[in-house]
Amino acid sequence: MIKKLLSTLLFFGIFVPALWAQTGTLEGTVTEAETGETIPSANVYLLELERGAATNIDGEFTVSNIPVGTYTVRISFVGYQTYEEQVNIQASQTTVLNVELESGAIGLDEVVVTGYGTQIKREITSAISAVSSSDLRDVSLQSPEALLQGRASGVQLTTSSGNPGGGFEVRVRGEGSINAGNSPLWIIDGVPVNSSGTSESNDLSPLSSIPASDIESIEVLKDASASAIYGAQAANGVVLVTTKRGRQGDAEIRINYETGIRKDIKRLELMNSQEWIEYHFEAQGETETRGDVEAFGYPSGFDPADLPTFDWQEFIYRDGNSQNLNFSVSGGTDQSQYYISAGWEETQAQVKQVKFRRYNFRTNFDHQFNSKFATSLSVNLSNTAAPGVCQDGFYVNCPFYQSIEEVPMSFPYLDADGNLTGRNTLDEGGSYNPNTEQGSNNNPAVVFYEESRETDMTNILANINPTYNINSWLSLRGTLAIDYRLEKERDWERPLADPGNDGSVNRRFATSSNMTTNLLLNARQTLAENHNVSGFIGTEYRRQYFDEVEATQIGLGNPFLGVISAGAEPSFTQGFNTEFRIASYFGQAKYNYNNRYYTTFTARYDGSSRFGEDDRWGFFPSFSAAWRVSNEDFFNVDFVEDLKLRAGYGVTGNAAIGDFEARGLFGVSGSYRGISGLAPSRLANSLLTWEESKEINLGVDYALFSSRISGSIDFYQRNNTDLLLDRPLPTTSGFSSITENIGEVENKGIEFEIRTINLDRGDFFWSSNFNVAFQKNEVISLQGDAEMLDPGDDDPIAVGQSLETFWMPRWAGVNPADGRPMWYDANGNITYKPTTDDNIFLDGGEQDAIGGFGNSFRYKGLSLDVFFQFSFGQTVQPQTEFSYLFADEEGVLREVHTDRWRNPGDIVKYPVARENGTGYFEADGWSSVNSSNSLFDASYIRLKNISLSYNLPTEIVQKLNLSGVRIYASGLNLKTWTAYPYVDPETVGNESSASFPTALQFNGGIQLSL
């Protein structure tokens, strides 16, 4: 099939003769209706040909080589109502079109990217959220994922790491799968990309290779009727990223430089040395406590009042900084348009030794060879690096965890005389302190300076798209694309960091190659004036191949050489490769009658190598319709400019499982006489097939008072059936489980979007936007009669509950008589030793309501944007912080000291001080019993971004021989309102484990236009 696709592309791209047809030209001027001033950079777009031009500095435009015929011309510019008119192009004639744009929201006239094409938002029949480049200006973020946070309704983002360039957990309308993936399909300039990070040393997102400055728009296909065109890959939604392209006109050169600082967003309140001593004297007695403190390097008979306190959080944090420089040039003639950009970014994170660096280069090129044949080429090259330390996890060698785990009287260094100090004395005859909480090799200073973790990622994303216009209404378009990634990682532990092995070095190399090719036949025609018909049929093939090799060498013996060949002996080696393939046939048909009634039918037939040979292919249809009530003769409501009702239903699939889950596999098992043996490792299931997601969506789009108020409302219900679950097998079978299609999960919700123009008084313009989504998740059924999976967990999967529900006993507080911790049993009575019989289901880790709201102000050349993001209803279990609520010779949170039981009659939050696991009579230790008191409300409202910019007046700019100068400043994560008691509610999932917190950022920059 690939050969056929490639042959067809070559045929139309190379061997088809250039058939020159009669053509004409369209030209004109775009001005502002109220003032008559020209509007530069307005977009002039011919809908049927999907090409156009931009107005120059005098508001003039020219589009040449237009085949003879009638076309719909759409002219738009931010802050103005879109103008639309049909024009007739005649052979060798110039058609003149002068247009005056009225101020107002473009709202429902925006051109939105959909699957395999574009569409006017006014004509859309499904649920799509869009974020444009104007929404992203001055937002200093490293990844496209972050740009969606709070800006696209129904899209939930949880920061998996605050590390610069770190990834996000993205969910579109909740989670529908248990074992298969829940992440959306990401498509950049029409190319499906591998968005999963595979780094073993940090959470570097592959999507961080695309800088925000190159992004034109981001669209999220939320319901099945929108995403079904991507079939088996679209059960979790689709995110379409479109990068900037050139337009016909003079070259526009832009240079942007930005610098900023990064600070930690919040710190925990921990006990000082005197509070720690007092608490531990009470918990475990004076003798044992003194012995513990002496082990940290203090003399026998020390006076607790004289013990110093070292601030370990201050030790790991620093004031980070960032710099980035971006250059772009765009323009073109009527035949060729180009957009070229290059950039560099260097960020020092707010945690020591953590960095992010990116180089990127992009070229987007479009060329119209003649009226029949055109092609576009997009190439993005990037290299990102993230040197640092262990960043996320409940591990003794991760600095954030260490900063709250270390006792307050321990120090990182010894001076030349052996005295404890917080100052680096290595150049003065001093040394690392061997007597920290976790020993010498896990001293945070040793982790910072004697271990080097480096991740280097090179990405190539390229695609070519030849288009052959058979006639004015029929065209053939092909795509050949590659998404290639090379990952190189090194973890070098010098002898001081790995004394047991006298130093070690680990190297890992991995490549991911993701190739896609497709061919589409597009048609668009208007019949009898009012019957508008369009659609396409196509075929696609995708192959993703992953290859990895890794090795660890020990016995380095010195702190100077961190290469594999410097090791004395091998410790670990491994390597593997894997791949999957998808073949597809698809089509879409659209019809609208007189811009009042719209229908869209989509169908896709997919085959995946991941499924059983007896059920490898799946059919995924969808249908949606819309009624523009406001265009009916009977509808006569003056203040309603536009009112459209939408309804859609569709089926999509989920194939996000291992590449060989359906196959019977053998694995390496043991050896005999130095030869590896093989043993069965997985049972085959030839009937294994897709998870199916069936979704219904009802929606309303509206525009009121000349588009001063516009937005949408959507209701949806999505049921994921035939879940890909592992069914346990008897141990006598020799296998633990087999993957089958069993179970069902339901998601339902409602989404609101509203945009308003509050004031438009000439020089002063004020607009607002708000979106919120309410969602609910429930497990409908599991395998057979099973009511629960993993009943021994605190967060099992249970029928009738959400996927992230908690299952624990209820906390009853502290007994005021004796300070013992209390819980409720199954009958609602007090117990001091709860069991699983006392567990109840508690509110889960899903977010019940998410969204954002912002305001934009413009006064002459001054602009101010303020944006808030919020999340409500998420309950989390902060495992790391909660573990420091008891005495165990480690750091302890200060509130445990100040709000603990001491005397009969005390009404307090925390029980009497005792060592974990002892001293609580019937209970083994109150904090070792996970109950409702280990859960916290992580709801928050965050002032996410403020940006202030100023465009210098034209007379000043012209004296500088420039076309524009913009100066700006911005702040990120400025203020958070939350009841969550720990560091950052944004970086927690339902269970938090010492996650790298997000940073407070202040940035400033200047943009020059030449």
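In this text the structure is predicted, and so the values were computed from the model without any measurement.

About the thresholds
- Residues numbered from 1 in each chain as written.
- Predicted model: local features only at pLDDT ≥ 70, side-chain atom pairs only at ≥ 80, totals over all residues.
- Heavy atoms only, no water.
- Helix = DSSP H or I, 4+ residues; strand = E, 2+ residues; numbered from the N terminus.
- Rg over C-alpha atoms; globule rule 2.2 N^0.38 Å.
- Buried < 20%, exposed > 50% of the residue type's maximum accessible area, 1.4 Å probe, protein only.
- Areas by Shrake-Rupley, 256 points an atom, 1.4 Å probe, with all protein chains shown as cover.
- Lys, Arg positive; Asp, Glu negative; His and termini not counted.
- Charge placed at Lys NZ, Arg CZ, Asp CG, Glu CD.
- Pairing = 2+ DSSP bridges.
- Axes fitted to C-alpha atoms, helices over the stretch in contact; angles between N-to-C directions.
- pLDDT = per-residue confidence, 0-100.
- Contact = heavy atoms within 4.5 Å.
- Expected span 1.5 Å × (residues − 1).
- Polar contact = N/O pair within 3.5 Å; in protein donor to acceptor, adjacent residues only side chain to side chain.
- Phe/Tyr/Trp six-rings, centres within 6.5 Å; stacked < 30°, edge-to-face > 60°.

### Concerning the overall build of the protein
Here's step 1: Per the secondary structure count, the protein includes 12 helices and 56 strands.
Here's step 2: Taken over C-alpha atoms, the radius of gyration comes to 31 Å for the protein, in line with the 30 Å a tight globule of 1010 residues would show.
Here's step 3: Judged by the C-alpha coordinates and their principal axes, the protein covers about 100 × 75 × 65 Å.
Here's step 4: The buried share of the protein, reckoned over its 1010 residues, is 56%.
Here's step 5: Counting only carbon and sulfur atoms, one obtains 53% of the accessible surface of the protein, whose full area is about 40,500 Å².
Here's step 6: Here the protein carries 74 positive and 130 negative side-chain charges, and the mean point of each set is 6 Å from the other.

### Re the sheet that holds strand S2 (residues 43–46)
Here's step 1: Overall, antiparallel pairing links the 4 strands, which are arranged S3-S2-S5-S6 in an open sheet. In the strand order of this sheet, the two ends are held by strand S3 (51–54) and strand S6 (83–89), each with one partner. Across this sheet, the average inter-strand angle for adjacent strands is 25 degrees, counted without regard to direction.
Here's step 2: Inspection of the sheet shows S2 paired to strand S5 (residues 69–76) by 4 bridges, in the antiparallel sense. Its bridge partner lying in S5, leucine 46 is registered against valine 73.

### So, the confidence of the model for the protein
Here's step 1: In this model, the protein carries a mean pLDDT of 86, and residues with pLDDT of at least 70 account for 92%.
Here's step 2: The least confident element of the protein is helix H1 (residues 2–15), whose mean pLDDT is 41; the most confident is strand S23 (residues 413–414), at 96.
Here's step 3: Contacts from residues 1–21, a stretch scored under 50 in pLDDT, to residues over four places away or in other chains number 35 contacts.
Here's step 4: Note on residues 919–923: pLDDT is under 50 here. Beyond four places in sequence and across chains, it has 16 contacts.

### Thoughts on the environment of serine 410
Here's step 1: With respect to the secondary-structure elements, serine 410 resides in the loop between helix H8 (399–405) and S23.
Here's step 2: Serine 410 gets classed as buried once you look at its relative accessible area, which sits at 0%.
Here's step 3: Separated by 376 residues in sequence, serine 410 and alanine 786 have C-alpha atoms that sit 51 Å apart.
Here's step 4: The residues touching serine 410, leaving out its near neighbours within four places in the chain, are Phe296, Phe310 and Trp312.

### Focus: the sheet that holds strand S25 (residues 431–432)
Here's step 1: Strand order in the open sheet formed by 3 strands is S24-S23-S25, with antiparallel pairing between adjacent strands. Each edge of the open sheet is held by one strand with a lone partner, namely strand S24 (420–421) and S25.
Here's step 2: With 2 bridges joining them, S23 and S25 adopt antiparallel strand pairing. Looking at S25, one finds that tyrosine 413 is bridged to tyrosine 432.

### Points about helix H5 (residues 273–284)
Here's step 1: If you check H5, its first and last C-alpha atoms are 16 Å apart, about what 12 residues at 1.5 Å a residue would give, namely 16 Å.
Here's step 2: Residues of H5 that are buried: Ser273, Glu275, Trp276, Ile277, Tyr279, His280, Ala283 and Gln284.
Here's step 3: If you follow the buried residues of H5, they end up packed against helix H6 (286–294) and helix H11 (894–898).
Here's step 4: Where H5 begins, one side-chain oxygen reaches toward the backbone nitrogen of glutamine 274, 3.1 Å away; that side chain belongs to asparagine 272.
Here's step 5: Backbone geometry just downstream of H5 places glycine 285 in the positive-phi region, at approximately 95 degrees.

### So, the packing of aromatic side chains
Here's step 1: Taken as a whole, this structure holds 31 aromatic pairs when the rule is applied.
Here's step 2: Judged by centre distance (5.5 Å) and plane angle (20 degrees), the ring pair of tryptophan 766 and phenylalanine 857 falls under stacked. Of this pair, tryptophan 766 sits in strand S41 (residues 764–781) while phenylalanine 857 is found in strand S49 (residues 849–859), placing the two residues 91 residues apart along the sequence.
Here's step 3: When its relative accessible area of 26% is taken as the criterion, phenylalanine 857 is described as partly exposed.
Here's step 4: Taking the centre distance of 4.8 Å and the plane angle of 10 degrees together, the rings of phenylalanine 853 and phenylalanine 868 count as stacked. Taken together, the residues phenylalanine 853 in strand S49 and phenylalanine 868 in strand S50 (residues 862–872) connect sequence positions 15 residues apart.
Here's step 5: The exposure class of phenylalanine 853 is partly exposed, given its relative accessible area of 26%.
Here's step 6: Pairwise contacts between aromatic rings join Phe310, Trp312, Phe315, Phe411, Phe448 and Tyr449 into one cluster.

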